[in-house]
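Listed below, chain by chain, are the residues.
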Amino acid sequence: MTTSNQSSCEQTTDKENTSWSVADSANYYGVKNWCSGYFDISDKGNAVVNVQNDAGKKVSVELIDIIAGMKDRGLEMPSILRIDNLLDDRIESLNTAFARAIKEYNYQSHYRGVFPIKVNQQCHVIEEIANFGQDFNHGFEAGSKAELLIALSKQKDNNSLIICNGYKDSEFIELGLYAKEMGIPCFFVLETPTELPTILERSAALGIEPLLGVRIKPSVVVDGHWNEDSGDRSIFGLSTASLVEVLNQLKEANMIHCLQLLHCHLGSQIPNIRNIRSGVLEACRFYTGLINEGAPMGYLDLGGGLAVDYEGARTNNTHSKNYQLDEYCLNIVETICECLDPLDVSHPVIVTESGRATVSYSSMLLFNVLDVRDHRPSPLPQELSESSHELVHNLWAVNKAVTADNFQECYNDAMYYRDEIRELFRRGQANLSDRALADNLTLSVLDKVATIIKTLDRCPPELENLPELLADVYYGNFSLFQSLPDIWAIDQVFPIIPIHRLDEEPNRQAIIADITCDCDGKIDNFVTNEGIKPTLRLHPLKENEEYYLGVFLVGAYQETLGDLHNLFGDTNVVSVHINDDGTYDFIREFHGDSIADVLSYVEYNTDFLTEQFRTRSEKAVRSGKITALKRTEMMKAFKASLNGYTYFEKEEHS
């Protein structure tokens, strides 16, 4: 078992530790740190999802059972699994946390949440938010015409807000004005002064007064990955000078009464609560300034930024956060009261656009492991042939000589001899057998050195990357670029654990590779109880038995940003609702893209492709290369592949 005081050079052995427990797995993978109570491990060693029933009691369902149900329905790996209950709970938790804060500070207004559709545009996700969020008047944020159409179609009531951000053309503006005429509080948030003339012109033409907001650039620079887009360098929002220009235009048009909302987006995934408090303080100063200029105001939109603790560290690291939901809400409400009460300014409706914190927990990527490239040394010969190269003999002697007293010297010698043999091989002065044996002897030396080092209190700096050199490669049946694009693009980390066998010791250090033909298609940063590590402990594969891994907290952006690298398409998607008695219903099933689907995305006509292949195979018949019967089999296989899953499909044997 890995403990916090062990060396970073540790590489576990294959000797099974019979004392390993479920609690050890939960501790190693840090489950209770990042799960927010939604996930755990059962006594049988299986990952479970936890929900609360109507009586407030915890109900747990094993993910391996859900996978069995998916397979029975023809939904193979990889798949996205959504748990509707978790999405509902996140909406309820956000709204009730603000309600508690409002009550504690005797706040004289209320909270209105809006979900930014760009975070997850999938239809079922939006429908679930609209349906469950109706009781909380939870609305939507739209940054494009397409997203506005979704919001207008799915939103259930006229007490929920629609916030329109981004650049808006005449068509976009007309849609929002029509919404306002129907009684929907639909706000146009001005990003630049150039938007206002079009809004005023369309408003006059249709005879509908708009609801307006202004987005300002706060000077607060936040912590985290997106900090370069905060403060004065933010690419969206009005400068103070531009804000004054907008105010003057509204006054000249006698439309200042339409300005009712201040939008102040501090940033995304803000890990430090002090940044949020400072940003709210500055937003309140702008808010009172706008009131002094004659705008009635009434709404304070603080944008997104509510973070998800992906690594469970509870710090202000980029992938963590140093606050909880209640603290976030209390800080916002308290700061507004402290700023506005001395000025006798009425409390505004508080609006936040929490996307990541709303949907992240509800989705996970599940996939099976197809193969493992084992970096353990292969069995060595009993004796070394006299014909082997002299340097191979030197390596043989080094491998025999490794002890706790000379491991550093042996490591250095092994790396030197190995590199020399590789250079001779490149020059044609060493044969293939010598090269292979030298590589294997070097692995044997490294394996022995790693075993010695894990007993030491201090790891020599030059050996700190030894676990990476010895790590196995587990090949997962998924595309990183399609399902986990943020890992590749911004070095995002997501918790990854086996979803079964967690009562067994995971005794192999590993990295995870996908099945794309790309060296970037790998995961080599993992959440553990010791922090972010370059390898993850996994179990050795068992013959004729699937090994499943789950990537958690992937509900935000991952389904939307994926690309078609190697033409791997969308995965299967399953939405499950867990009932009060522990049973569960498959609410939605979406089969992933077929090969024909993804080919059509890149402008191929699959009927034409089929005809081209038919023509070519017919030529092969005429030339005598194949029979007509064989051609029929080939055409059947071609058509079956077009309709098949883009990912690896294992053959079923009766």
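The structure under discussion appears in the preceding block.
Everything numeric here is computed off the predicted structure, so don't read it as measured data.

Caption draft 1: Broad picture of the overall build of the chain. Assigned secondary structure in the chain consists of 22 helices and 23 strands. In terms of principal-axis extent, the alpha carbons of the chain reach across some 100 × 75 × 55 Å. Counting the 654 residues in the chain, one finds 54% classified as buried. Pairs at least 24 residues apart make up 75% of the contacts formed inside the chain by residues separated by at least 6 positions. When the accessible surface of the chain is summed, it comes to about 29,000 Å², and 47% of that surface belongs to carbon and sulfur atoms.

Caption draft 2: Examining the pairing of strand β16 (residues 508-513) more closely. With six of six residues buried, β16 is to be regarded as a mostly interior element. Bridge analysis of strand β14 (residues 472-476) against β16 gives four bridges, and the strand direction is parallel. Directly across from Tyr 474, in β16, lies its bridge partner Ile 512. Pairing between β16 and strand β20 (residues 536-538): three bridges, direction antiparallel.

Caption draft 3: Looking closely at the pairing of strand β10 (residues 259-263). By the criterion of burial, β10 is predominantly enclosed, with four of the five residues buried. Where strand β9 (residues 211-215) and β10 come together, four bridges link them in parallel fashion. Note that in β10 the partner of Leu 212 across the bridge is Leu 259. Across three bridges, β10 lies against strand β11 (residues 299-301) in parallel orientation.

Caption draft 4: Spatial organisation of the sheet that holds strand β8 (residues 186-190). A barrel is described by the order of its strands in space; here eight strands give the closed sequence β5-β6-β7-β8-β9-β10-β11-β12, paired in parallel fashion. Recorded for the sheet is a direction-independent mean angle of 25° between the axes of neighbouring strands. Against the sheet, helix α4 (residues 84-104) engages β5 (111-116) and β12 (349-352), with an angle of about 155° to β5.

Caption draft 5: The arrangement of the sheet that holds strand β3 (residues 58-62) in detail. Spatial strand order, β1-β2-β3: three strands in an open sheet with antiparallel pairing. A strand with exactly one partner marks an edge of an open sheet, and here the two such strands are β1 (39-41) and β3. Averaged over all pairs of adjacent strands, the angle between strand axes in this sheet comes to 40°, irrespective of strand direction. Of the pairings in the sheet, the one linking strand β2 (residues 47-52) to β3 comprises five bridges and is antiparallel in character. Considered in β3, the bridge of Asn 50 is made with Ser 60. In this fold helix α3 (residues 63-72) packs onto β2 and β3, with an angle of close to 55° to the strand it touches most, β3.

Definitions and limits used
- Residues numbered from 1 in each chain as written.
- Predicted model: local features only at pLDDT ≥ 70, side-chain atom pairs only at ≥ 80, totals over all residues.
- Heavy atoms only, no water.
- Helix = DSSP H or I, 4+ residues; strand = E, 2+ residues; numbered from the N terminus.
- Buried < 20%, exposed > 50% of the residue type's maximum accessible area, 1.4 Å probe, protein only.
- Contact = heavy atoms within 4.5 Å.
- Areas by Shrake-Rupley, 256 points an atom, 1.4 Å probe, with all protein chains shown as cover.
- Pairing = 2+ DSSP bridges.
- Axes fitted to C-alpha atoms, helices over the stretch in contact; angles between N-to-C directions.

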